[in-house]
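# Geometric and topological summary
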Amino acid sequence: MSLESVKAHFKQWERDVDVMEFESSSATVEQAAETIGVAPARIAKTLSFRGSEEMAILVVAAGDAKIDNKKFRHQFGFKARMLSPEEVLEQTGHAIGGVCPFGLTNELDVYLDVSMQRFETLYPACGSSNSAIELTKDELFKYSFAKEWIDVCKGWGEDEEQAEVSQQMEV
């Protein structure tokens, strides 16, 4: 049902036909990257947190990024506390492995982390553990009805930085 709500969401822009469904699982960043054939960092993962009220907030980040608790607290004014799988399903309408900022059960605040801005296109899930869609950064912002770009992650881009340092040392 969740995949169908996402397709219905994309239908308003005639992008429902662009939702990809796979034979293999795309439930984790690694599985999605392998299935699609891209670097794990290009998978746009959606993280669900307890908001200041009863409603969850969603943060979409690059696949190689991790939440930085200090940055999160500074941005939102409260501690980052992830929802349980049951709460995620209740709040978003999507089960873990297919959580995305599209076709949501409730109107939730969606934020996009700057860790994704280094890519032209990204691959968020589409409501199931075997689906995704390729979107530009601007499309992701528009289709997710994101409130703003924020900086609440750490650890991203480190592989690229280490590769650059290694190349410079070889020269």
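Notes on the structure in this doc start here. In this text, all values refer to a predicted model and were calculated from it rather than measured experimentally.

All right, on to the packing of aromatic side chains then. Ring pairs (aromatic) are described by centroid distance and by the angle formed between their planes. Under the counting rule described, the total for this entry stands at 10 aromatic pairs. Ring centres of Trp-13 and Tyr-143 lie 4.4 Å apart, and the angle between their planes is 40 degrees; on these two criteria the pair is classed as tilted. Of the two residues, Trp-13 sits in the loop between helix H1 (2-11) and strand S1 (20-21) while Tyr-143 sits in helix H5 (residues 137-143), which places them 130 residues apart along the sequence. Aromatic side chains Trp-13 and Phe-145 sit 5.9 Å apart centroid to centroid with 45 degrees between the ring planes, which places their arrangement in the tilted category.

The calculated volume of the largest pocket comes to roughly 430 Å³. Ala-27, Lys-45, Thr-46, Leu-47 and Gly-97 are the residues nearest the centre of the largest pocket, which is lined by 24 residues in total. Taken together, the elements giving at least two residues each to the lining of the largest pocket come down to helix H2 (29-36), strand S2 (43-50), strand S6 (121-124) and strand S7 (131-132). Considered class by class, the residues forming the lining of the largest pocket number 16 nonpolar, seven polar and one charged.

The next subject is the side chain of Thr-121. Mapped onto the elements, Thr-121 comes out in strand S6. There is a polar contact of 2.5 Å between the side chain of Thr-121 and the side chain of Arg-42. At 2.9 Å, the side chain of Thr-121 forms a polar contact with the side chain of Glu-134. Here Thr-121 is in contact with Arg-42, Glu-134, Leu-135 and Thr-136, once residues within four sequence places are set aside.

Analysis parameters
- Residues numbered from 1 in each chain as written.
- Predicted model: local features only at pLDDT ≥ 70, side-chain atom pairs only at ≥ 80, totals over all residues.
- Heavy atoms only, no water.
- Phe/Tyr/Trp six-rings, centres within 6.5 Å; stacked < 30°, edge-to-face > 60°.
- Helix = DSSP H or I, 4+ residues; strand = E, 2+ residues; numbered from the N terminus.
- 1 Å grid on protein atoms, 1.4 Å probe; cavity = no way out; pocket = protein on both sides within 12 Å on 5 of 7 lines; lining within 4 Å.
- Points joined across faces, edges and corners; volume = space filled by probe spheres on them.
- Nonpolar A, V, L, I, M, F, W, Y, C, P; charged D, E, K, R; others polar.
- Polar contact = N/O pair within 3.5 Å; in protein donor to acceptor, adjacent residues only side chain to side chain.
- Contact = heavy atoms within 4.5 Å.

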